[in-house]
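This is what each chain is made of:
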Amino acid sequence: GKIKEPVYIVITVLTLLPVHLLRLAFFCLVLVFLLFPGPPDEFQMINFILMLKGSQFISSGLFMMARGSMSYFGCFACCKANMGECISENGPGASDSLSLGVIDYLGSIVLPWVAFHWLPRSQKHVMRAYVGRRNSLDEVAEEDEEAAETGGASLAAAL
């Protein structure tokens, strides 16, 4: 499936790199593509929120934790005599920009809320048809029209 597609691999690696603002810029661009020119698809908006938060957990959570642990280990392994000085110069957060980190953090909060805000205005663009369903196509079309009129039903269920 997707793992054989080189473009998918490049995009996934870009979103998982622990570089401040790279993931945020990518997902901001994806959100703009979802919102404009018309009403977004409900599934894609929910998928956007889940992918953004999942990549945040991996890149800003697990990868940054591993990076910080390795910098502590490097100071422990190389500079046991001056470990406090090594940690203050080379430890986690010593070379990272605070302003970029704060912008990345706030962007990771604001983007999902913007997507969540647009969720009631979303529509279901795919007709539901299940294998083995006994309803006629007209009944399925009527159910889909009702679901499209109440786009963002998952928002009401969440509240």
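Here is what the cut-offs are and how they apply
- Residues numbered from 1 in each chain as written.
- Predicted model: local features only at pLDDT ≥ 70, side-chain atom pairs only at ≥ 80, totals over all residues.
- Heavy atoms only, no water.
- Salt bridge = Lys/Arg side-chain N within 4 Å of Asp/Glu carboxyl O.
- Helix = DSSP H or I, 4+ residues; strand = E, 2+ residues; numbered from the N terminus.
- Core = buried A, V, L, I, M, F, W, Y, C linked by side-chain atoms within 4.5 Å.
- Buried < 20%, exposed > 50% of the residue type's maximum accessible area, 1.4 Å probe, protein only.
- Contact = heavy atoms within 4.5 Å.

So, about the pattern of salt bridges. Per the counting criterion, the structure on display carries 3 salt bridges. Between K124 and E42 there is a salt bridge, with its nearest N and O atoms 4.0 Å apart. In this pair, K124 is assigned in the loop between α5 (98-118) and α6 (137-149) and E42 in helix α3 (residues 42-78), connecting sequence segments 82 residues apart. With its nearest N and O atoms 2.8 Å apart, the salt bridge here joins R67 to D96. With a gap of 29 residues between them, R67 in helix α3 and D96 in the loop between α4 (83-90) and α5 connect regions that are remote in the sequence.

Time to look at the nonpolar core. Judged by nonpolar contacts, L24, F27, L31, L34, L35, M45, F48, I49, L52, L111, A115 and L119 together constitute the single largest core of 12 residues. Only α2 (22-35), α3 and α5 provide two or more residues apiece to this core. Top contributing element to this core by residue count: α2, with 5 residues. Excluding residues within four positions of it along the chain, L111 makes contact with L24, F27, C28, L31, F48 and L52.

Now for the environment of W113. Along the chain, the position of W113 falls in helix α5. W113 sits 64 residues away from I49 along the chain, and the two C-alpha atoms are 8.6 Å apart.

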